[in-house]
Amino acid sequence: MQISSLYDSNPVQWKARLSGMLEFLREYGEQRITLRGCRQLARLTPDQLALPGVSLLVATVRGQNGRQLAGVSFVSGYGKEACVVAVHPLYRNKHTGTALLAAQLERLGHLECHVACDNPASLKMCFNSGLAAVDLVSGPTGKPTLLLRSPGTAAAVSNLRQEGELLCQSPS
């Protein structure tokens, strides 16, 4: 498996590639990819890929007809705007998603994402790539959702309690 960054300066070629990525997300995203994430990706331009916190990575494998798409990962705003990962069913449970997310983390330096609590495969992928749960929030559909962040970011560290530290500031 090879993970590579996707970018293109040719507008026609870019539109075709972007269309292919969106189709891949629709087909293999298990209806768990947020509409917001898909819209962010649909509006993406090659120039935006040069912005800090924005990255589009693909995982490909060698097939009979050349390189074939195994997974896609898109991040915008270091994950605050969008953090999307989809993997083809043939390449699931082979750490493809984990490799994509770990590559995003290495590329961007820090990352955050939201994952619904009823999505154990995505949670496992995030934990395996080095993200840690820092908060429980209500997701876009009202489901309990974990906010995951890369360790070492100021926001993640400030939310962690030390062993023995009081959770209540004025205990009675």
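Here, the structure is the one placed above.
Reading guide: rules and limits
Residues numbered from 1 in each chain as written. Predicted model: local features only at pLDDT ≥ 70, side-chain atom pairs only at ≥ 80, totals over all residues. Heavy atoms only, no water. Helix = DSSP H or I, 4+ residues; strand = E, 2+ residues; numbered from the N terminus. Buried < 20%, exposed > 50% of the residue type's maximum accessible area, 1.4 Å probe, protein only. Pairing = 2+ DSSP bridges. Axes fitted to C-alpha atoms, helices over the stretch in contact; angles between N-to-C directions. Contact = heavy atoms within 4.5 Å. Polar contact = N/O pair within 3.5 Å; in protein donor to acceptor, adjacent residues only side chain to side chain. Core = buried A, V, L, I, M, F, W, Y, C linked by side-chain atoms within 4.5 Å. 1 Å grid on protein atoms, 1.4 Å probe; cavity = no way out; pocket = protein on both sides within 12 Å on 5 of 7 lines; lining within 4 Å. Points joined across faces, edges and corners; volume = space filled by probe spheres on them. Nonpolar A, V, L, I, M, F, W, Y, C, P; charged D, E, K, R; others polar. Parallel < 35°, antiparallel > 145°, perpendicular 65-115°, else oblique. Left-handed = near helix turned anticlockwise from the far one by under 90°.

K.L.:
Mind showing me how you'd approach unusual backbone geometry here?
P.N.:
Backbone phi values are negative for most residues with the exception of glycine, while trans is the configuration of most peptide bonds. With phi around 60°, Gln 31 is a residue other than glycine that occupies positive phi space. By the element assignment, Gln 31 lies in the loop between helix H1 (11-28) and helix H2 (35-42). Non-glycine residue His 95 carries a positive phi angle of around 65°. With respect to the helices and strands, His 95 occurs in the loop between strand E4 (82-87) and helix H3 (96-108). On the accessibility criterion, His 95 (53% relative accessible area) is exposed.

K.L.:
Quick question: what am I supposed to make of the sheet that holds E4 here?
P.N.:
Strand pairing within a sheet occurs via backbone hydrogen bonds; the two strands may be parallel or antiparallel. If you trace the four strands from one edge of the open sheet to the other, you get E1-E2-E3-E4, paired in antiparallel fashion. Looking at the sheet topology across the chains shown, the edges are occupied by strand E1 (2-5) and E4. Ignoring which end each strand starts from, the neighbouring axes of this sheet average 25° apart. With six bridges joining them, strand E3 (residues 66-76) and E4 adopt antiparallel strand pairing. If you follow Gly 71 over to E4, its bridge partner there is Val 87. Running at roughly 140° to strand E2 (residues 55-63), H3 makes contact with E1, E2, E3 and E4 of the sheet.

K.L.:
What's the story with the side chain of Ser 55 in this structure? I'm lost.
P.N.:
Residue placement: Ser 55 occurs in strand E2. Classification of Ser 55 by relative accessible area gives buried; the value is 1%. A distance of 2.7 Å separates a polar atom in the side chain of Ser 55 from a polar atom in the side chain of Gln 104. In contact with Ser 55, other than residues within four places in its own chain, are Leu 49, Ser 73, Phe 74, Val 75, Gln 104, Arg 107 and Leu 108.

K.L.:
Hey, could you run me through the nonpolar core in this one?
P.N.:
General note: in soluble globular proteins, nonpolar side chains tend to be found buried as a group. Core analysis: the largest hydrophobic core is formed by 21 residues, its most contacted members being Leu 101, Leu 111, Cys 126, Leu 131 and Leu 148. The greatest single-element share of this core, amounting to four residues, is contributed by H3. In this structure Leu 101 touches Cys 83, Val 85, Leu 111, Met 125, Cys 126, Ser 129 and Leu 131, once residues within four positions along its chain are discounted. In terms of nonpolar packing, the next biggest core, distinct from the first, is built from 19 residues, Leu 6, Leu 18, Leu 25 and Tyr 28 among them.

K.L.:
Help me understand the layout of surface pockets in this model?
P.N.:
In this approach the atoms are scanned with a rolling probe the size of a water molecule, which exposes any empty space left behind. Within this model, the largest pocket holds a volume of roughly 1200 Å³. What lines the largest pocket is a set of 44 residues, and nearest its centre among them are Arg 32, Val 85, Val 115, Asn 119 and Ser 122. Elements represented by at least two residues in the lining of the largest pocket include exactly H2, E4, H3, strand E5 (112-116) and helix H4 (120-128). Residue composition of the lining of the largest pocket, grouped by class: 18 nonpolar, 17 polar and nine charged.

K.L.:
I would appreciate a short explanation of the packing of H1 against H2 in the present structure.
P.N.:
The axes of two packed helices give the description: the angle between them and the distance between them. H2 packs onto H1 with a crossing angle of 165° between their chain directions and a minimal axis gap of 10 Å. When the axes of H1 and H2 are compared, the pair comes out roughly antiparallel. Where H1 crosses over H2, the handedness of that crossing is right-handed. In this structure, H1 uses Leu 18, Met 21, Leu 22 and Leu 25 to contact H2, whose residues at the interface are Cys 38, Leu 41 and Ala 42. Broken down by class, the residue content of the contact of H1 with H2 amounts to seven nonpolar, no polar and no charged.

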